[in-house]
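# Analysis of the macromolecular model
For reference, the chains in residue letters:
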Amino acid sequence: MHKTGKKGLSLARRLYTSRILGLALGLLVVSVAVLPLDPAPWVWGFMLFNGLLWPHVSYQWARRSAVPYHAEHRNLLIDAFLGGFWVAAMQFNPLPTAVTLAMMAMNNVAIGGLRFLLVGAAAQVAGIAIGGVIFPLSSVPMTSPAQLYACLPLLCLYPLALGWICFRQAYTLGRQKRELLALSRTDSLTGLLNHGAWKDRLDEEFQRCLRHPSDGIHGAIALIDIDHFKAINDTYGHGAGDVVLRQLGKLLRQNLRAADIVGRYGGDEFCVILPDLTLHNAVQAMDGLRERFATLAYEQDPALKVSLSIGLAAFNPAYGDASAWLNDADQMLYEAKTGGRNRVVCQRHWQVLETSTV
């Protein structure tokens, strides 16, 4: 995947912290391992640069790069190359060598998976080859107690730090995934569920009611239409229409139960699932909503008055699927609109009941 900009810079920041810790601990391992070999002064200077200055140099290099993500991959390969170089400088001392290669392999696989592990291993081999030319192998030294103890901080602290960084990254990605999922299921204008998300919840509610047909499970769905909404847009402008839609969304959120499931079905139609509610109580709830909405005032256009037509259908065990339930509510909404609007029309077992201001 091509990563640029902020995402690449975020990677550079994470690696900056882990590189500071890892190379400082690695400096302890390498310095104790090469001390008995009496290295030249330039080796000590290069070791100090790699352990203390390179983390800051590599971060600035990546931060100033046009593509920080690619720059960090280059820096990681340099890390691997230098790790191999120091393995040769330590004359393949068993424990420091194993710790150095293992920590770098863990870092590479955490960053780029198996592919980057193999690329990093190739860079380590190249570093070992160059180091072998500069530090010809005479004999492999045995690990001393001091060298063993020097390896312990790197073995204990660096995996802990890397695990924490990976956890934080996984947590952030999980939170972003949940936020994206919520956005994909939410109507941007009203903040309610969108058409698809609401229909998924309707299927769930239908199955719940169907599983308990003998327990007296009640439930109803309502389809709500804003009367003459096209005329509102034509007369007062689409901005006013958006205000009306948001007002209705807010009214639905504030005046229904927490268990009720509200969505924007599309355009100027809204939809509500009313679980465990008798048809009589559902009619009262929707009629109260209709009356409150009709009294709302709009500061931008004081002359604007808006009403609702609402169709209600109670759950019927005879329904074959949720679509049949929804179709009945839609038919009742049609009856409300053709019957004069500004009213609630409901159906239960094919009996039509009506409430209105007339």
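No experiment lies behind these values; they were computed from the predicted model shown. (Residues numbered from 1 in each chain as written. Predicted model: local features only at pLDDT ≥ 70, side-chain atom pairs only at ≥ 80, totals over all residues. Heavy atoms only, no water.)

### Describing the UniProt feature "transmembrane region" (unreviewed entry) in the chain
Within the UniProt annotation, "transmembrane region" (unreviewed entry) is assigned to residues 20–37, 84–104, 116–135 and 147–167. Taken as a whole, residues 147–167 contains 100% helix and 0% strand, while its terminal C-alpha atoms sit 31 Å from one another. (UniProt positions renumbered as here; feature names shortened; annotations may be inferred. Helix = DSSP H or I, 4+ residues; strand = E, 2+ residues; numbered from the N terminus.)

### What to know about helix α6 (residues 195–211)
For α6, built from 17 residues, the straight-helix expectation of 24 Å at 1.5 Å per residue is met to within 8% by its first-to-last C-alpha distance of 25 Å. Looking at α6, one finds that the buried residues are A197, W198, L202, E205, F206 and C209. Close packing links the buried residues of α6 with β1 (219–226), β2 (261–266), β3 (269–275) and α10 (322–338). (Expected span 1.5 Å × (residues − 1). Buried < 20%, exposed > 50% of the residue type's maximum accessible area, 1.4 Å probe, protein only. Contact = heavy atoms within 4.5 Å.)

### Structural notes on the side chain of N93
Positionally, N93 belongs in the loop between α3 (68–89) and α4 (94–134). Only 2.6 Å separates the side chain of N93 from the side chain of T143, close enough to count as a polar contact. For N93, the residues in contact, after removing those within four places along its chain, are P141, M142, T143 and Q147. (Polar contact = N/O pair within 3.5 Å; in protein donor to acceptor, adjacent residues only side chain to side chain.)

### Here's the deal with the nonpolar core
Counting residues in each nonpolar core, the largest one holds 35 residues, and the members touching the most others are I224, I226, L252, M286, F293 and L312. Looking at this core, the elements with two or more residues in it are β1, α7 (229–236), α8 (238–255), β3, α9 (279–294), β4 (308–314) and β5 (343–348). With near-sequence residues (within four places) excluded, L252 lies in contact with L192, I224, V262, F270, V272 and L289. Counting residues in each nonpolar core, the second largest holds 17 residues, with I221, L223, A313 and W325 among its members. (Core = buried A, V, L, I, M, F, W, Y, C linked by side-chain atoms within 4.5 Å.)

### Some words on the pairing of β1
When you tally the buried positions in β1, you get 8 out of 8 residues, the bulk of the element. Here β1 shows a buried face lined by G219, I221, L223 and D225 and a second buried face lined by A220, A222, I224 and I226. Across 7 bridges, β1 lies against β3 in antiparallel orientation. Across the sheet, residue D225 finds its bridge partner in β3, namely E269. Both β1 and β4 contribute to a ladder of 7 bridges, which runs antiparallel. Paired with L223 across the two strands is G311, which belongs to β4. (Pairing = 2+ DSSP bridges.)

### Remarks on the pattern of salt bridges
Proximity of charged atoms lets side chains of opposite charge pair with each other. Here the structure, examined in full by the defined rule, presents 12 salt bridges. Ionic pairing is found between R19 and D79, a salt bridge with its closest N-O pair at 2.8 Å. With R19 in helix α1 (residues 5–34) and D79 in helix α3, this residue pair connects regions lying 60 residues apart in the sequence. Between D260 and R257 there is a salt bridge, and its shortest N-O distance comes to 2.5 Å. In this structure, a network of salt bridges that share partners links the residues R19, E72 and D79. (Salt bridge = Lys/Arg side-chain N within 4 Å of Asp/Glu carboxyl O.)

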